[in-house]
Amino acid sequence: MKINIVPFAEVICQKKLGVHHVLVHHKGQLSAAFHFQPTDRRAEIHSATKSVVSLAAGMAIDEGLFTLDTRPTDILSKYVPDTIDPAWHQVTVKHLLTMSSGHDRKLMDGYSLTPGATNRDDLENKDWVNYTFSQDLDLEPGQKFVYNNSCPHLISRMIIELTGENLIDWLRPRLFDPLEIHNPQWGTDPLGYTCGPGGLHLSTEEFSRISLLYLQQGQWNGKQLISKEYMSQAVSRQIENAAPGKICTDDSTAGYGYLIWRCRRDNAYYLFGWAGQLGIILPDYEAAVTLTSYEFQTQSLLDTVWDTIVHQLC
């Protein structure tokens, strides 16, 4: 079934939203595409990278490297500073995946408009793991969702520590090769380790394969790359992310899974990266919509997808 993508393109132009490319997959087929830019070159998917780290965590759990209850301070003990908040020893992999490590503030932001905020590029400590462990916890681990770039980086470094391979290399035969994403590029921290919070560069078409892998519950060409058990947990609402006492008002407050966002409608969820990198998964419609953009009105992008594309799915 072909999807009429023209209404989407028209609304994007009317709203002056900075979309570059959109791909719609429906029931196993590429049903629609629109390219506002002449070439689909690789670009950073920013924090949508975190949802790839979630896939890596699922693979690590499947292979017995760690469990959801494993404590990062055990695996990364050599990087723990001499003085550490004892509450760190209660933090688990699940807390990292759900952004509930116990901090009540962001850590290692890549971009910030807050005056005086320390971004990760400003850190004097080049060891981001040691820096993270040196930060006191404000809350009980698991108590509250607080978006935090240190959480996915700890997961990346745990896998690196346990396997002796950089995360990008460990994932080549497990993820990138099966998806035919050749020679992937992924940024590193100052010590050369794969960056957990961001840095993965993909074309829109390659990014759509990550979206489809989520849609297909970890299966690709008949092979289960990540267990269905993990995938089911990863995309379900694991923690509330609306402000305490507030109800869900938009798609950014509809709940959070394992480094992935829930939507407030149609049982959908989405991968999200800075400036409008979106992989929207609609399992009830057997569909995925992938966008790359330079646009900060994320809710407007999501609303436009629902207003012009989702109603065509059946």
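The residue numbering used here restarts from 1 in each chain and proceeds along that chain's sequence as written. Two thresholds apply to this predicted model, a pLDDT of at least 70 for residue-level local features and 80 or more for giving and counting side-chain atom pairs, whereas whole-chain, interface and lining totals are computed over all residues. Excluded from the side-chain calculations are hydrogens and water; all other atoms, namely the structure's heavy atoms, are used.

S.K.: Looking at this structure, I do not really get the environment of Phe296. What am I missing?
M.R.: Along the chain, Phe296 turns up in the loop between β11 (287-293) and α10 (298-308). Residue class for Phe296 comes out partly exposed when judged on its relative accessible area of 46%. Residues Phe296 and Trp274, spaced 22 residues apart in sequence, show a C-alpha to C-alpha distance of 7.5 Å. Contact criterion: two residues are considered in contact whenever any of their non-hydrogen atoms come within 4.5 Å of each other. Non-local contacts of Phe296, meaning those with residues more than four positions away in its chain, are made with Trp274 and Ala275. The way it works is that DSSP assigns letters per residue, a run of H or I at least four long becomes a helix, a run of E at least two long becomes a strand, and they are numbered from the N terminus. Type-normalised accessible area, obtained with a 1.4 Å probe on protein chains alone, sets the label of each residue: buried when under 20%, exposed when over 50%, and partly exposed for intermediate values.

S.K.: Whenever I open this one, the sheet that holds strand β3 (residues 43-44) confuses me. Can you help?
M.R.: Adjacent strands of a sheet form backbone hydrogen bonds with each other and so pair up, either parallel or antiparallel. Strands qualify as paired when DSSP identifies two bridges or more between them. Taken in spatial order, the 3 strands of this open sheet run β3-β5-β4, and their pairing is antiparallel. Edge strands, defined here as strands with exactly one partner in the open sheet, are β3 and β4 (185-186).

S.K.: Help me out: how do you make sense of unusual backbone geometry in this one?
M.R.: The phi torsion at Gln217 lies on the positive side, around 55°, for a residue other than glycine. Its place among the elements puts Gln217 in the loop between α8 (204-215) and β6 (219-220). For Gln217, a relative accessible area of 38% translates into the label partly exposed. With a phi angle near 50°, Asn221 is a residue other than glycine that sits in the positive phi range. Counting through the fold element by element, Asn221 comes out in the loop between β6 and β7 (223-224).

S.K.: Help me out: how do you make sense of the packing of helix α2 (residues 49-62) against helix α6 (residues 150-163) in this one?
M.R.: Between two packed helices, both the angle of their axes relative to each other and the distance between the axes serve to describe the pair. It is the contact of α2 with α6, at a shortest axis distance of 10 Å, that shows an interaxial angle of 40°. When the axes of α2 and α6 are compared, the pair comes out oblique. When you trace α2 past α6, the crossing you get is left-handed. Between α2 and α6, the contacting residues are Lys50, Val53, Ala56, Ala57 and Ala60 on the first element and Pro152, Ile155 and Ile159 on the second. In this description, a line fitted to the C-alpha atoms serves as the axis of each element, helices being fitted only across the stretch in contact, and the angle between N-to-C directions of two axes falls anywhere from 0 to 180 degrees. Throughout, the term roughly parallel applies to angles under 35 degrees, roughly antiparallel to angles over 145, roughly perpendicular to angles from 65 to 115, and oblique to all others. The handedness criterion is simple: a crossing whose near helix is rotated anticlockwise from the far helix by less than a right angle is left-handed, and one whose near helix is rotated clockwise is right-handed.

S.K.: I keep staring at the pairing of strand β9 (residues 269-273) and nothing clicks. Help me out?
M.R.: The side chains of a regular strand alternate, first on one face of the sheet and then on the other. Counting buried residues in β9 gives 4 out of 5 residues, a clear majority hidden from the surface. For strand β8 (residues 261-262) and β9, the ladder comprises 2 bridges, and the chain directions are antiparallel. Within the sheet, the bridge partner assigned to Arg262 lies in β9 and is Tyr269. Bridge count for β9 against strand β10 (residues 277-282) is 5 bridges, and the pairing is antiparallel. Note on β10: the bridge partner recorded for Leu271 is Gly279. Taken together, β9 and the strand that follows it, β10, pair antiparallel across an intervening segment of 3 residues, in which Ala275 is found at a positive phi of about 70°.

S.K.: How should I be thinking about the nonpolar core in this particular structure?
M.R.: For soluble globular proteins, the rule of thumb is that nonpolar side chains tend to be buried together. Joining through side-chain atoms within 4.5 Å is the link that ties buried Ala, Val, Leu, Ile, Met, Phe, Trp, Tyr and Cys residues into a set, and such a set is a nonpolar core. In terms of nonpolar packing, the biggest core is built from 97 residues, with Leu171, Leu175, Trp186, Ile210, Tyr214 and Ile280 touching the most fellow members. Sorting elements by how many residues they give to this core places α2 first, with 7 residues. In this view, Ile210 contacts Val52, Leu55, Leu175, Leu179, Ile181, Leu202 and Leu271; residues no more than four positions away in its chain are not counted.

S.K.: In this structure, what is going on with α10? I would like to understand it.
M.R.: An α-helical turn contains 3.6 residues, so a residue and the one three or four places further along point in the same direction. Among the 11 residues in α10, 8 count as buried, and that is most of the element. Of all the positions in α10, only Thr298, Ser300, Leu301, Leu302, Thr304, Val305, Trp306 and Thr308 are classed as buried.

S.K.: Any chance you could explain the packing of aromatic side chains here in plain terms?
M.R.: Aromatic ring pairs are described here by two measures, namely the spacing of the ring centres and the angle between the planes. By convention, a stacked pair of Phe, Tyr or Trp rings (six-membered ring in the case of Trp) has centres within 6.5 Å and planes under 30 degrees apart, an edge-to-face pair has planes over 60 apart, and any other such pair is tilted. Applying the stated criterion across every chain yields a total of 15 aromatic pairs. With centroids separated by 5.1 Å and ring planes inclined at 75°, the aromatic side chains of Trp274 and Phe296 adopt a geometry described as edge-to-face. With Trp274 in the loop between β9 and β10 and Phe296 in the loop between β11 and α10, this pair connects stretches of sequence that are 22 residues apart. Taken together, the ring pairs in this structure connect Phe145, Tyr147, Tyr256, Trp261, Tyr270 and Phe272 into an aromatic cluster. One cation-aromatic arrangement involves Arg157 over Tyr79; the distance from NZ or CZ to the ring centre is 4.7 Å. By the criterion adopted, a ring carries a charge over it if an Arg CZ or a Lys NZ lies within 6 Å of its centre and within 35 degrees of its normal. We note Arg157 situated over the ring of Tyr193; from NZ or CZ to the ring centre the distance is 3.9 Å.

S.K.: Quick question: what am I supposed to make of the pattern of salt bridges here?
M.R.: Side chains that differ in charge, positive against negative, can pair when their charged atoms come close. The working definition used for a salt bridge is a side-chain nitrogen of Lys or Arg within 4 Å of a carboxyl oxygen of Asp or Glu. This model, assessed by the stated rule, comprises 15 salt bridges. The shortest N-O distance in the salt bridge between Arg174 and Glu63 comes to 2.8 Å. Placement of the pair is Arg174 in helix α7 (residues 167-176) and Glu63 in the loop between α2 and α3 (72-75), with a sequence separation of 111 residues. With a relative accessible area of 24%, Arg174 lands in the partly exposed category. Note that Lys78 is salt-bridged to Glu161, the shortest N-O span being 3.1 Å. Placement of Lys78 in the loop between α3 and α4 (93-97) and of Glu161 in helix α6 is noted, with a sequence separation of 83 residues between them. With relative accessibility at 26%, the residue Glu161 sits in the partly exposed group. Taken together, the shared-partner salt bridges connect Asp251, Arg264, Arg265 and Asp303 into one network.

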